[in-house]
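A closer look at the structure
Given next are the chains, with one letter for each unit.
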Amino acid sequence: MIGNRGHVVVIGAGIGGLSAAIRLAARGFRVTLVEKLDRPGGKMGEVRADGFRWDTGPSVLTMRHVYERLFRAAGRDLSDYLDLLPLDPITRYFWRDGATIDAVADEEAMCENIRRAFGPRDVDGYRRFMRYARRLHDVVGNPFLYRHKPGWRDLISLPLTDVLKIDALRTMHQAVSAHFKDPHLVQLFDRFATYNGSSPYRAPATLNVIAHVEMAQGAWYPRGGIFRLARAWERLATELGVEIRYAEPAQEICVQGGAAAGVRLANGAVIHADAVVCNVDYTWARQTLLPGSARADRLEPSCSGFVLMLGVRGVHPELAHHNIFFTGDYRREFDDIFDRRVAPRDPTLYLCITSKTDPEHAPAGHENWFVLVNAPFLSPNFDWSSEADRYAQHIRGLLIANLGRAIPLAEPQAMVQVERRFTPLDLQMAYGGHRGAIYGFSSNTRTTAFMRPGNRDRDIARLYYAGGSVHPGGGVPLVTLSGLAAAECLAQDLQP
Ligand SMILES: Cc1cc2nc3c(=O)[nH]c(=O)nc-3n(C[C@H](O)[C@H](O)[C@H](O)COP(=O)(O)OP(=O)(O)OC[C@H]3O[C@@H](n4cnc5c(N)ncnc54)[C@H](O)[C@@H]3O)c2cc1C
């Protein structure tokens, strides 16, 4: 029977909050979800203008099995809610020297693409690298990804051979360079550090596990756009009896006798509850929803992003659904982001065109370009409120120059018909993300995985966290796992 195990309030209808709500409702809790926006998905939103449509946040989906698990545990089949299409190629990569390669999930086809693009010398290295990334996944998966945060006791009990296999003493870049001779391929595999907002020159080699989840397990796109995923999560939650209240921002987590007892809304109303799950960015939540709680800014935020959504005249068959135009100086790009904390002058450009798969996302003869560049988290070193216009113009110019080197462009100066943008400042204001970070905290040190907050509050009983800033980290699949982990912790603590 719905609700016979107690009442839980979830704050935030991001993917973490929705996943927790779904799991809790499936386990028999009564769930009320309050969200300050008028839609689900948080960073996973959509924008429409002049016949164009863009996803505003995530564009690459990996780890399909995680979403299947969420639906299966609720007695449903994901494919009844979402049509997930495998992407082939996953990404088309372009370099300034004219080199290009399609990254594909089939290992033999990828070896052939490597041979054709860069000659035979790295084919064996690729096979070795993929075996290594798979081993990382086998070792890291259970203790670090698929359950709630491991305690020191769990870590100490790991066999020494597994600890060594985690490969935390090298950086990602060092491990990638040990497998590939060609600098293009080193850059391609280094790039996976950005999937959780980190630098390959600092993040531990453990993060090479990301290559396994994308290159061996594949990447997916929900027909209709990624925002469909948020709508699918919303539909399932509603079917399970979750009460979703949009445009109802929370103002305070009420604590009584050392335990979460409900949520006070901005309109003054209080929703009493047996437990609270907070999907708001951890640091932001502690600053704004838990007055007087300990500060939580010891960890380095992940990088942020600068997004241009362009409605473009013309159709470009040389481009794929996902495209990367690499900078000529990758190290400099990460130094700009994490050391100098300024928007990089010459960043790698990511270009996603969902109208390649869903033509109705742009008027006939046009494309919907989503351009993302990595940017530093907010700091006094770069003032987006005064620099955004100039930077947008700069990135547009860089994009057209990069594209012009790779493909024929008709009337490049007149291509862009519509433009919308998001700066790191917008990301902070829209979703309540600490310093505009996209993925919560960076993984730029060996200890971040252990320092990242867990899914249970350490001091306040019956308060749980789900989302990219807590275990196991950012990105849609991990955030879904974090919702599951928060729900499991809560269900354990509130055993009947
Ligand atoms: C530009 C961009 C590109 C990305 N690309 C990818 C990608 O390709 N692949 C990938 O896997 N991930 C990607 N990500 C990351 C991914 O979007 C996030 O990791 C994930 O969506 C975060 O989900 P979440 O539930 O942690 O938080 P959020 O999506 O931030 O949700 C938090 C929710 O809490 C709500 N909220 C905040 N304060 C309150 C309050 N006081 N009361 C009520 N509600 C409140 C917010 O409105 C929001 O809906 C990208 C993100 C961005 C921004």
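A brief look at the structure comes next. (Residues numbered from 1 in each chain as written. Predicted model: local features only at pLDDT ≥ 70, side-chain atom pairs only at ≥ 80, totals over all residues. Heavy atoms only, no water.)

This paragraph deals with the site of the ligand. Around the ligand there are 34 residues in total, and Gly16, Glu35, Lys43, Gly468 and Val476 lie nearest to it. One of the backbone nitrogen or oxygen atoms of Ile15 is found 3.2 Å away from an oxygen atom of the ligand. The side chain of Glu35 places a nitrogen or oxygen atom 2.6 Å from an oxygen atom of the ligand. In the complex, the protein chains occlude 94% of the 1,000 Å² of accessible area that the ligand would expose alone. Elements with a minimum of two residues in the shell around the ligand: helix 1 (15–26), helix 14 (424–431) and helix 16 (476–493). No other element matches the 3 residues that helix 16 contributes to the shell around the ligand. Across the shell around the ligand, the residue classes break down as 18 nonpolar, 13 polar and 3 charged. (Near = heavy atom within 4 Å. Polar contact = N/O pair within 3.5 Å; in protein donor to acceptor, adjacent residues only side chain to side chain. Areas by Shrake-Rupley, 256 points an atom, 1.4 Å probe, with all protein chains shown as cover. Helix = DSSP H or I, 4+ residues; strand = E, 2+ residues; numbered from the N terminus. Nonpolar A, V, L, I, M, F, W, Y, C, P; charged D, E, K, R; others polar.)

What follows deals with the nonpolar core. Residues Tyr126, Phe189, Met215, Trp233, Val277 and Leu490 are the most contacted members of the largest nonpolar core, which totals 123 residues. Sequence-distant contacts of Trp233, defined by excluding residues within four places in its chain, comprise Ile15, Leu18, Ser19, Ile22, Tyr67, Leu70, Phe71, Leu78, Leu82 and Thr480. Judged by nonpolar contacts, the second largest core, of 29 residues, contains Val371, Ala375, Ala388 and Leu403. (Core = buried A, V, L, I, M, F, W, Y, C linked by side-chain atoms within 4.5 Å. Buried < 20%, exposed > 50% of the residue type's maximum accessible area, 1.4 Å probe, protein only. Contact = heavy atoms within 4.5 Å.)

Moving on, we come to the sheet that holds strand 15 (residues 322–325). Across the sheet, 7 strands lie side by side as 7-6-15-16-17-14-18; this open sheet has mixed pairing. Here the strands that pair on one side only, and so sit at the sheet edges, are strand 7 (100–103) and strand 18 (416–422). Across the sheet, the mean angle from the axis of one strand to that of its neighbour is 20 degrees, orientation sign disregarded. Across 6 bridges, strand 14 (residues 304–313) lies against strand 18 in antiparallel orientation. For Leu310, the partnering residue across the bridge sits in strand 18 and is Glu419. (Pairing = 2+ DSSP bridges. Axes fitted to C-alpha atoms, helices over the stretch in contact; angles between N-to-C directions.)

For the rest of this paragraph, the subject is the sheet that holds strand 12 (residues 270–272). Across the sheet, 3 strands lie side by side as 10-11-12; this open sheet has antiparallel pairing. Bordering the open sheet on either side are strand 10 (250–256) and strand 12, each of which pairs with just one other strand. The average undirected angle you get between the axes of adjacent strands in this sheet is 30 degrees. Relative to strand 12, strand 11 (residues 259–265) runs antiparallel, the two sharing 3 bridges. Following the sheet pairing, Gly262 is matched in strand 12 by His272.

Take the side chain of Thr480 next. Positionally, Thr480 belongs in helix 16. Accessibility expressed as a relative area gives 0% for Thr480, which makes it buried. Once residues within four sequence positions are removed from consideration, Thr480 is found in contact with Ile15, Ser19, Val66, Tyr67, Leu70 and Trp233.

Taken as a whole and judged by the stated rule, the model has 32 salt bridges. Between Asp102 and Arg92 there is a salt bridge, with its nearest N and O atoms 2.7 Å apart. On the criterion of sequence distance, the pair formed by Asp102 in strand 7 and Arg92 in strand 6 (residues 91–94) is long-range, its members being 10 residues apart. Here Arg92 falls in the buried class, since its relative accessible area comes to 19%. Arg456 serves as the salt-bridge partner of Asp493, at 2.9 Å between the closest nitrogen and oxygen. On the criterion of sequence distance, the pair formed by Asp493 in helix 16 and Arg456 in the loop between helix 15 (448–451) and strand 19 (463–465) is long-range, its members being 37 residues apart. Residue Asp493 is classed as partly exposed on the basis of its relative accessible area, which comes to 38%. Three or more residues are tied together by salt bridges with common partners; here these are Glu46, Arg48, Arg53 and Asp55. (Salt bridge = Lys/Arg side-chain N within 4 Å of Asp/Glu carboxyl O.)

A separate point is a nonpolar patch on the surface. Taken together, the side chains of Leu160, Val163 and Leu164 define a hydrophobic patch exposed on the protein surface, amounting to about 320 Å² of accessible area. Note that Val163 resides in helix 6 (residues 160–165). (Patch = residues over 30% accessible without salt bridge, like charges linked within 9 Å, V, L, I, M, F, W, Y side chains within 5 Å.)

Here we take up the pairing of strand 14. Judged by how many residues are buried, strand 14 sits mostly within the fold: 9 of 10 residues are covered. Pairing geometry for strand 14 and strand 17 (residues 366–375), over 10 bridges, is antiparallel. Paired with Gly305 across the bridge in strand 17 is Asn374.

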